[in-house]
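Structural description and commentary
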Amino acid sequence: MAYYPPSHTAGSPPAPLTPWFLDGEGIEHRVVQSDIPRYLGNDATVKRGQRDGRSGYWYYSYRPLTTAMVRSLKDDSERYNNERRETRRRQGQDEVGSDAIAKFGDRITFFSRTAD
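Along each chain, residue indices are assigned from 1 in the same order as the chain's sequence is written. The model is predicted, so local features are restricted to residues of pLDDT at least 70 and side-chain atom pairs to those at 80 or more, both for listing and for counting; the totals for chains, interfaces and linings are taken over all residues. Think of the side-chain values as coming from all heavy atoms in the structure, minus any hydrogens and water.

**Structural notes on the environment of Ser61**
Which entries qualify depends on this criterion: Helix numbers and strand numbers start at the N terminus; a helix is a DSSP run of H or I with at least 4 residues, a strand a run of E with at least 2. Think of it in three bands: with a 1.4 Å probe and only protein chains considered, a residue is buried below 20% of the maximum accessible area for its type, exposed above 50%, and partly exposed in between.
Relative to the helices and strands, Ser61 resides in strand β3 (residues 54–61). Judged by relative accessible area, Ser61 falls into the buried class, the value being 1%. Placed 42 residues apart in sequence, Ser61 and Pro19 show a C-alpha to C-alpha distance of 6.8 Å.

What follows is the structure, encoded as structure tokens:
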């Protein structure tokens, strides 16, 4: 069974997907990619793009995102970035606490943490 937006009435074809632009400031691609279908339905799609020299996302859906949805995308993006930073920080601490090997071209260098 096909999904039709609430504006659809029996006997009429579904409304076509409309292109909308979302300014990309403060919004991560992975977040918008995963959240758009949740907000606008499974038919909604998104891709990176530009409009009037501004980077962002073109999304195609039956209706535009609401202000609350955009705020949620920004909040989710901030959480996503914080989690990525925390993961990188933990991984970096794990390396500092043990011996590490770095390869530079043909040369391999061994780093060992020494007590002060």
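**Some points on the pairing of β3**
Using the following cut-off: Strand pairing follows a simple DSSP-based rule, namely that at least 2 bridges must link the two strands.
For strand β1 (residues 18–23) and β3, the ladder comprises six bridges, and the chain directions are antiparallel. Opposite Asp23, over in β3, you have Gly56 as the bridge partner. Here strand β2 (residues 45–51) hands over to β3 after two residues, with Asp52 in that stretch at a positive phi of 50°.

**Details of the environment of Pro16**
Of note, Pro16 is situated in the segment before β1. Relative accessible area serves as the criterion here: at 63%, Pro16 is assigned to the exposed category. In sequence terms Pro16 and Ser61 are 45 residues apart; their C-alpha atoms lie 8.0 Å from each other.

**Things to note about the pattern of salt bridges**
Here is the rule we go by: What makes a salt bridge here is a side-chain nitrogen of Lys or Arg within 4 Å of a carboxyl oxygen of Asp or Glu, nothing more.
Tallied over the entire structure, the rule returns nine salt bridges. With a closest N to O distance of 3.8 Å, Arg38 and Asp76 form a salt bridge. Remark: Asp76 occurs in helix α2 (residues 67–96) and Arg38 occurs in helix α1 (residues 29–40); sequence separation between them is 38 residues. Of the residues examined, Arg38 reaches a relative accessible area of 55% and is grouped as exposed. The salt bridge partner of Arg90 is Glu86, with a shortest N-O separation of 3.9 Å. Pair noted here: Arg90 and Glu86 are both in helix α2, with a separation of four residues, about one helical turn. Residue class for Glu86 comes out partly exposed when judged on its relative accessible area of 30%. The network of salt bridges with shared partners includes Asp35, Arg38, Asp76 and Arg79.

**Observations regarding unusual backbone geometry**
One non-glycine residue, Asp52, lies in the positive phi region at around 50°. Its location among the elements puts Asp52 in the loop between β2 and β3. Using a relative accessible area of 74% as the deciding quantity, one classes Asp52 as exposed.

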